[in-house]
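Coordinates in review
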Amino acid sequence: MALTFSDLHTEQGVKSVEEHLAGKTYISGDQLSVDDVKVYAAVSEKPSDAFPNASRWYDCVASHLAKSFPGKAVGVSIGGSAAAPPAQAEAPASAVAEDDDDDMDLFGDETEEEKKAAEEREATKKDTKKPKESGKSSVLMEVKPWDDETDMKKLEECVRAVEMPGLLWGASKLVPVGYGIKKLTIMLTIVDDLVSPDNLIEDYLTSEPNNEYIQSVDIVAFNKI
């Protein structure tokens, strides 16, 4: 049975997550799933110590997402407070860059989750011999700016301005990366026969005029509904 949470930006909404997680590690099942990512994206900030179950779960999901960014975080200012670099996001010493090259890759290598999502999309493309009913998929994208001077509000407006049949934008969240840069994580639901995630990225999100704000877009999770 599908779970329903509402008003997760409020204390009452976080309380519902706290009660649901009593005796549980994840939102559904015994492994991290797209359900966890959806709820995580809708929660505006880490729950306080008054919600120990939700706070522990939030840190767990954050640590999985942080694996996409192996560089050592130094802490950035968010809303007037400094965000401490999570221990889970620290990379081995051998992986830390020693130079200040302006062209360094702040976003890390492709993760296993991204590779799996890409393989699933390729398999879906190749399976064209058998007729099948149109289905839907839930996708989590990471939209990355050019630098710390990019207007992230304008960036999100560009993303949500993309409209087409079968595309529904969902919850979004700004996540610190490092060096003053933030990325936009955003959920979307697509009708498989109408929307191709790859075409959405190449023909709309990273093409003119949106590429004035958007450097690149990666698919972090891709799940059939």
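Residues numbered from 1 in each chain as written. Predicted model: local features only at pLDDT ≥ 70, side-chain atom pairs only at ≥ 80, totals over all residues. Heavy atoms only, no water.

The name given to the protein chain in an unreviewed UniProt entry is Elongation factor 1-beta 2, with Raphanus sativus as the source organism. In the Sequence similarities (unreviewed entry) part of its UniProt record, the protein chain is described as follows: "Belongs to the EF-1-beta/EF-1-delta family." (UniProt positions renumbered as here; feature names shortened; annotations may be inferred.)

1. Some remarks on the sheet that holds strand β5 (residues 181–191)
Within the open sheet, the 4 strands sit side by side as β4-β5-β3-β6. Their pairing is antiparallel. Pairing within the sheet leaves two strands with one partner each, and these edge strands are β4 (167–178) and β6 (214–224). Going from strand to strand, the sheet's axes swing by 20 degrees on average, the running direction of each strand aside. The pairing of strand β3 (residues 136–145) with β5 spans 8 bridges and is classified as antiparallel. Looking across to β5, one finds that Leu140 is bridged to Met187. (Pairing = 2+ DSSP bridges. Helix = DSSP H or I, 4+ residues; strand = E, 2+ residues; numbered from the N terminus. Axes fitted to C-alpha atoms, helices over the stretch in contact; angles between N-to-C directions.)

2. What to know about the nonpolar core
In this structure, Met141, Val159, Leu167, Trp169, Leu200 and Leu205 are the most contacted members of the largest nonpolar core, which totals 25 residues. Of all the secondary structure elements, the ones that give two or more residues to this core are β3, α5 (152–160), β4, β5, α6 (197–205) and β6. Discounting residues that sit within four places of it in the chain, Leu200 has contacts with Met141, Val162, Met164, Leu167, Trp169, Leu188 and Leu205. Residues Val14, Leu21, Val39 and Phe51 belong to the second largest nonpolar core, which totals 14 residues. (Core = buried A, V, L, I, M, F, W, Y, C linked by side-chain atoms within 4.5 Å. Buried < 20%, exposed > 50% of the residue type's maximum accessible area, 1.4 Å probe, protein only. Contact = heavy atoms within 4.5 Å.)

3. Digging into the confidence of the model for the protein chain
The predicted coordinates should not be examined in detail at positions where pLDDT is low. Per-residue confidence for the protein chain averages 81 on the pLDDT scale, and 77% of its residues sit at or above 70. Segment residues 77–91: pLDDT under 50, and 22 contacts once partners within four positions in sequence are set aside and those in other chains are kept. Note that residues 93–104 has pLDDT below 50 and, in this model, 4 contacts with residues that lie over four places away or in other chains. (pLDDT = per-residue confidence, 0-100.)

4. Things to note about the packing of aromatic side chains
In total, this model carries 1 aromatic pair according to the counting rule given. When the ring of Tyr40 is compared with that of Tyr58, the centres are 4.7 Å apart and the planes differ by 35 degrees; the resulting orientation is tilted. Of this pair, Tyr40 sits in helix α2 (residues 34–42) while Tyr58 sits in helix α3 (residues 52–66), placing them 18 residues apart in sequence. When sorted by exposure, Tyr40 lands in the same class as Tyr58, which is buried. Across the ring face of Tyr40, the terminal group of Lys173 is positioned such that the distance to the ring centre comes to 3.9 Å. (Phe/Tyr/Trp six-rings, centres within 6.5 Å; stacked < 30°, edge-to-face > 60°. Lys NZ or Arg CZ within 6 Å of the ring centre and 35° of its normal.)

5. Considering the pattern of salt bridges
One pass over the full model with this rule turns up 6 salt bridges. Residue Glu142 is joined to Lys183 by a salt bridge in which the shortest nitrogen-to-oxygen separation is 2.8 Å. Of the two residues, Glu142 sits in strand β3 while Lys183 sits in strand β5, which places them 41 residues apart along the sequence. For Glu142, a relative accessible area of 2% corresponds to the buried category. Among the salt bridges present, the one from Lys144 reaches Asp218, with a minimum N-O distance of 2.1 Å. (Salt bridge = Lys/Arg side-chain N within 4 Å of Asp/Glu carboxyl O.)

6. A short note on the packing of helix α1 (residues 11–20) against α3
It is at 7 Å that the axes of α1 and α3 come closest, and there the two elements cross at 85 degrees. What the angle tells us is that α1 and α3 run roughly perpendicular. Along its contact with α1, which presents Val14, Val17 and Glu18, the element α3 presents Pro52, Asn53 and Ala54. Grouping the constituent residues of the contact of α1 with α3 by class yields 4 nonpolar, 1 polar and 1 charged. (Parallel < 35°, antiparallel > 145°, perpendicular 65-115°, else oblique. Nonpolar A, V, L, I, M, F, W, Y, C, P; charged D, E, K, R; others polar.)

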